[in-house]
Amino acid sequence: MSAHALNERLVGHLKTLHLPAIRESFEDEAMRATQESLSYEQYLFELADQEVEMRRANRIARFLRESRLPLEKGLDTFDLKRLSHKLCAQVRVLLEGSFLARKENVLAFGNPGSGKTHLLCAIARELVESGRRVLFTPCALLVQDLLIAKRDLRLARALKKLGRYDALLIDDIGYVQQSREEMEVLFSLLADRYERTSVMLTSNLSFSKWETIFKDPMTTAAAIDRLVHHSVILELNLPSYRLEQSEKQRTAEAKNETAEEPDERNHPSANERSKTRGPQSRQVRRARASEGQGTTPAKG
Ligand code: ADP
Ligand code: MG
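Break down the packing of helix α7 (residues 139-151) against helix α8 (residues 155-162) for me, citing the residues and quoting the values.
Between α7 and α8, the shortest axis-to-axis distance is 7 Å and the interhelical angle comes to 140 degrees. When the axes of α7 and α8 are compared, the pair comes out oblique. Here L142, L146, A149 and K150 of α7 lie close against α8, whose contacting residues are L155, A158, L159 and L162. When grouped by side-chain class, the residues that make up the contact of α7 with α8 number 7 nonpolar, no polar and 1 charged.

Right under this line is the structure:
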């Protein structure tokens, strides 16, 4: 067989065997192997290694897509310095991912804006990058999906499908006031996942207020019991990140203004402005309102 014919048949076989990385690089690698006097085994290893790496990267890209994680909420954009030493240590352990094998749950509590969603998404993202499957879903959306499945008599199938993931990240449990029917499907899910795969969840409501989610005391106790049995609890008792940022910005702006106006006595217009500004800037008031520090229920 001529070299050209051999090459063509080899490419054909590599296509049939679905080995795109090897197909891509076998010629260049053969040249390198000749130059560097690599053994046959070394050459074959290089090719196999590239194929394995390509498959791993493709698998992770697929897991990331199907995870529905908000990709901007990663560890790279999360300021870990805001967390206490204890929380940091807990996060470090969670990042190792061994809680998934133990089917432990991760429950993040804290006031709105404290970073629960971002932190759990960041942990989940790292887990996906290390080859685990996670699904992120806002609780309200999950409940709606399950209700539709129940109506169509395929709740069992829907629950089974959710069981494919190593962890289910349920964001904002209890934010929406749930009807009894909604509570029931949510409870079915938690009961179904108990000791089978991990549930990661965020909540602005402490357990003492969970009766507003599960309606009656028995169901509430049963749900909490299942979740807590094997779990890591993250208490984010932190001020709102957004609020803190806007306050920092306000302080910086105020500093700038003072630097620009060294002697306010000679600048009556500046004095007038500071009188009308009041104790809080409009921006901070707006941030406070959106954090739900007013009378409206808060979203986290
Ligand atoms: P929660 O879920 O507790 O209500 P989020 O996780 O949604 O809070 O955080 C609110 C906002 O503040 C988000 O935009 C988030 O990215 C940001 N944020 C919160 N904590 C941090 C942090 N430690 N480092 C960087 N950004 C943060
Ligand atoms: Mg949140």
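Would you mind going over the pattern of salt bridges in detail, with residue names and values included?
Once their charged atoms are close, side chains differing in charge can pair, the charge on each being opposite to the other. Tallied over the entire structure, the rule returns 16 salt bridges. Of the charged contacts in the structure, one is a salt bridge between D79 and K81, with a shortest N-O distance of 3.9 Å.

Summarise the nonpolar core; cite the residues concerned and give the values.
Nonpolar side chains tend to gather and get buried jointly when the protein is soluble and globular. Core analysis: the biggest nonpolar cluster contains 32 residues, and L146, I170, I173, L189, L201, W210 and F214 have the highest contact counts within it. Mapped by element, the contributors of at least two residues to this core are β1 (105-110), α7, α8, β3 (167-171), α9 (180-193), β4 (198-203), α10 (211-214) and α11 (217-229). Other than its neighbours up to four places away in sequence, L201 contacts V106, L107, A108, L120, I170, I173, W210 and L227. Among the nonpolar cores identified, the runner-up in size contains 29 residues, and C88, F99, A108 and L238 belong to it.

Describe the site of ligand 1, naming the residues involved and giving the relevant values.
Around ligand 1 there are 16 residues in total, and D79, G113, K116, T117 and H118 lie nearest to it. Within the backbone of S114, an N or O atom sits 3.2 Å from an oxygen atom of ligand 1. Considering ligand 1 on its own, with 550 Å² of exposed area, one finds that the protein chains cover 89% of that surface. Elements with a minimum of two residues in the shell around ligand 1: α6 (116-129) and α12 (241-260). For the shell around ligand 1, the element with the highest residue contribution is α6, accounting for 3 residues. Here the residues of the shell around ligand 1 sort into 3 nonpolar, 8 polar and 5 charged.

How would you explain unusual backbone geometry if you had to name every residue and give the values?
With a phi angle near 50 degrees, S37 is a residue other than glycine that sits in the positive phi range. Note on placement: S37 falls in the loop between α2 (20-35) and α3 (40-67). Residues other than glycine seldom take positive phi values, yet E195 does so here, at roughly 60 degrees.

Can you break down the sheet that holds β4 residue by residue, with the values?
In a beta sheet, neighbouring strands are held together by backbone hydrogen bonds and run either parallel or antiparallel to one another. Taken in spatial order, the 5 strands line up as β2-β3-β4-β1-β5 in an open sheet, and their pairing is parallel. The sheet is open, and its two edges are formed by β2 (134-138) and β5 (231-236), each paired on a single side. Pairs of neighbouring strands in the sheet enclose a mean axial angle of 15 degrees, with direction left out of account. In terms of strand pairing, β2 meets β3 through 5 bridges, oriented parallel. If you follow T137 over to β3, its bridge partner there is I170. Against the sheet, α11 makes contact with β1, β4 and β5, and its axis sits at roughly 115 degrees relative to β1, the strand it touches most.

Conventions and cut-offs
- Residues numbered from 1 in each chain as written.
- Chains lettered and ligands numbered in written order.
- Predicted model: local features only at pLDDT ≥ 70, side-chain atom pairs only at ≥ 80, totals over all residues.
- Heavy atoms only, no water.
- Axes fitted to C-alpha atoms, helices over the stretch in contact; angles between N-to-C directions.
- Helix = DSSP H or I, 4+ residues; strand = E, 2+ residues; numbered from the N terminus.
- Parallel < 35°, antiparallel > 145°, perpendicular 65-115°, else oblique.
- Contact = heavy atoms within 4.5 Å.
- Nonpolar A, V, L, I, M, F, W, Y, C, P; charged D, E, K, R; others polar.
- Salt bridge = Lys/Arg side-chain N within 4 Å of Asp/Glu carboxyl O.
- Core = buried A, V, L, I, M, F, W, Y, C linked by side-chain atoms within 4.5 Å.
- Buried < 20%, exposed > 50% of the residue type's maximum accessible area, 1.4 Å probe, protein only.
- Near = heavy atom within 4 Å.
- Polar contact = N/O pair within 3.5 Å; in protein donor to acceptor, adjacent residues only side chain to side chain.
- Areas by Shrake-Rupley, 256 points an atom, 1.4 Å probe, with all protein chains shown as cover.
- Pairing = 2+ DSSP bridges.

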